[in-house]
Amino acid sequence: IGKRLNEISLIEDQEYILLQILQIIDHEHADAVLIAGDIYDKSVPSAEAVTLFDDFLCRLAKRNIPVLIISGNHDSPERLAFGSRLLESGGIHISPVYNGTIHAITLSDKHGDVNFWMLPFIKPTQVKRFYPDENIENYTDACRVAIEKMVIDPTKRNVLLTHQFVTGASTCESEELSVGGSDNVNASVFEDFDYVALGHIHGPQNIGSNRIRYCGTPLKYSFSECTHHKSITAVNLGPKGELELQLCPLIPKHDLQQLRGTFAELTEKS
């Protein structure tokens, strides 16, 4: 929220798409809403971006739907987590700054409990700080150790909400990725989870199977995204081992198109 495209403000378009997301949440009778990081376009967001997100959270809270939010690489985890302990009373769960310990948020349905684990964007140095004796040389090691330190019951249904670049994901011009893929995370570290909700990559896509998925951004934020079909991923968890995904299309207020031609052709009013 707050991102500009070629110096054009998208705040009205973002407000429009957030209202559409609320309508889809109502239509699908969602039991929980997961937001996988990069809430804002920068660590110190604009006042109008903060106001818009605040309004969105208030509307969600009035629906009495649990909301789980993690910080991404564009967010300031400290700023995003401000007031999070107070917000929990309203069903808004925001991941704290990574401190080496992650506790599950447990929700229940007719099939039993579902444990949700919120792992914000982390770097190897952050995890190494809390586990200096572990062999942590890259992002895969960091995620592996962070997950190993979670007390996961494999007989229960477990969902991970995280924000990393998983090896094999198709990228576009919008993402900030390290040269040579040094920030890659191998999908093998996610074996203990029934579903992994990923943030970071703008294009919606599965990694290997529908169990590990990037929902993508709700709007197009670069010309390389012109052909993207933006959507919300609605996840239906059945009994342990049963998973079904449904894509709910998002229709923007203004679509992004790429036109080619001479200057005279492109400036013709027709």
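This text goes with the structure placed above it.
Below is a short write-up of the structure. Only a predicted model underlies this, so the values are computations on that prediction, with no experimental measurement involved.

**Description of helix 2 (residues 47-62)**
Next up, step 1: End to end, helix 2 covers 23 Å across 16 residues, agreeing with the expected 22 Å (1.5 Å per residue, within 8%).
Next up, step 2: Those residues of helix 2 not exposed but buried are Ala49, Leu52, Phe53, Phe56, Leu57 and Leu60. Down the axis, helix 2 shows its buried residues gathered within 135° of arc, on one side only. Exposed residues lying more than 90 degrees from the buried face of helix 2 are Ala47, Thr51 and Lys62.

**Focus on the sheet that holds strand 6 (residues 105-109)**
As a general point, the strands of a sheet are linked pairwise by backbone hydrogen bonds and lie either parallel or antiparallel.
Next up, step 1: If you trace the six strands from one edge of the open sheet to the other, you get 6-7-8-11-13-12, paired in mixed fashion. Strands at the two margins of the open sheet, each flanked by one partner only, are strand 6 and strand 12 (205-207). On average, each strand axis in the sheet is inclined to that of its neighbour by 30°, with strand direction left out of account.
Next up, step 2: Note that strand 11 (residues 195-199) and strand 13 (residues 209-214) share three bridges and pair parallel. Each bridged residue has a counterpart across the sheet, and for Val196 the counterpart in strand 13 is Ile212.

**Regarding the pattern of salt bridges**
Next up, step 1: Inspection of the entire model under this criterion finds eleven salt bridges.
Next up, step 2: A salt bridge links Arg144 to Glu148; the nearest nitrogen and oxygen atoms lie 3.5 Å apart. Of this pair, Arg144 and Glu148 both sit in helix 6 (residues 139-148), four residues apart, roughly one helical turn.
Next up, step 3: Classification of Arg144 as partly exposed rests on a relative accessible area of 26%.
Next up, step 4: On the basis of relative accessible area, Glu148 is assigned to the partly exposed category, the value being 48%.
Next up, step 5: Asp255 is the partner of Lys220 in a salt bridge, and the nearest nitrogen-oxygen pair spans 3.0 Å. Residue Lys220 is located in the loop between strand 13 and strand 14 (231-237), and its partner Asp255 is located in the loop between strand 15 (243-249) and helix 7 (263-266); the two are separated by 35 residues in the primary sequence.

What counts and what doesn't
- Residues numbered from 1 in each chain as written.
- Predicted model: local features only at pLDDT ≥ 70, side-chain atom pairs only at ≥ 80, totals over all residues.
- Heavy atoms only, no water.
- Helix = DSSP H or I, 4+ residues; strand = E, 2+ residues; numbered from the N terminus.
- Expected span 1.5 Å × (residues − 1).
- Buried < 20%, exposed > 50% of the residue type's maximum accessible area, 1.4 Å probe, protein only.
- Arc of directions from axis to C-beta.
- Pairing = 2+ DSSP bridges.
- Axes fitted to C-alpha atoms, helices over the stretch in contact; angles between N-to-C directions.
- Salt bridge = Lys/Arg side-chain N within 4 Å of Asp/Glu carboxyl O.

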